[in-house]
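Notes for the structure review
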Amino acid sequence: MTDPDAQARNRYFVLVGTRLGGSAGALLGLLLIARSDATLPKVIGTALVLSALLMIAIVPRALARRWRTPPGDA
């Protein structure tokens, strides 16, 4: 069995890492949009920004819901 405090800390780090990864992806997409003259890199950058924003919004919430303590176990 793992220590509950260590498990909670590790899960917190995963949530924060997911948000930071999504932010880095959005920043990379913005750089692609801003620095390219061709259409294809702008489309790829836009898709990257949108997917990163969805990742920031959905993945941490889904992980928190998955890791939630059942009502009877608290």
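Look above for the structure.
If you're wondering where the values come from, they're calculated on a predicted model, not measured in any experiment.

1. Some points on the packing of aromatic side chains
Scanning all chains against the criterion turns up one aromatic pair. For the pair Y12 and F13, a centre-to-centre distance of 6.1 Å together with 50° between the ring planes defines the contact as tilted. Y12 sits in the exposed class, given a relative accessible area of 51%.

2. A look at a nonpolar patch on the surface
Taken together, L28, L32, L40 and I44 make up a surface patch of nonpolar side chains, about 370 Å² in accessible area. Breaking the nonpolar patch down by element, the ones donating at least two residues are α1 (4-35) and α2 (39-67). Looking at the element boundaries, L32 is found in helix α1. Given the relative accessible area of 30%, L32 is considered partly exposed.

3. What about the environment of Y12?
Relative to the helices and strands, Y12 is located in helix α1. As a C-alpha pair, Y12 and R68 span 56 residues in sequence and 12 Å in three-dimensional space.

4. Topic: the packing of α1 against α2
Where α1 meets α2, the closest approach of the two axes is 7 Å, and the angle between their N-to-C directions is 170°. One way to sum up the angle between α1 and α2 is to call them roughly antiparallel.

5. Looking at the environment of T46
Of note, T46 is situated in helix α2. Residues T46 and T2 lie 44 residues apart in sequence; the distance between their C-alpha atoms is 41 Å.

6. A closer look at the side chain of T18
Locating T18 in the fold gives a position in helix α1. Residues in contact with T18, not counting those within four places in the same chain, are M55, V59, P60 and L63.

About the criteria used
- Residues numbered from 1 in each chain as written.
- Predicted model: local features only at pLDDT ≥ 70, side-chain atom pairs only at ≥ 80, totals over all residues.
- Heavy atoms only, no water.
- Phe/Tyr/Trp six-rings, centres within 6.5 Å; stacked < 30°, edge-to-face > 60°.
- Buried < 20%, exposed > 50% of the residue type's maximum accessible area, 1.4 Å probe, protein only.
- Patch = residues over 30% accessible without salt bridge, like charges linked within 9 Å, V, L, I, M, F, W, Y side chains within 5 Å.
- Areas by Shrake-Rupley, 256 points an atom, 1.4 Å probe, with all protein chains shown as cover.
- Salt bridge = Lys/Arg side-chain N within 4 Å of Asp/Glu carboxyl O.
- Helix = DSSP H or I, 4+ residues; strand = E, 2+ residues; numbered from the N terminus.
- Axes fitted to C-alpha atoms, helices over the stretch in contact; angles between N-to-C directions.
- Parallel < 35°, antiparallel > 145°, perpendicular 65-115°, else oblique.
- Contact = heavy atoms within 4.5 Å.

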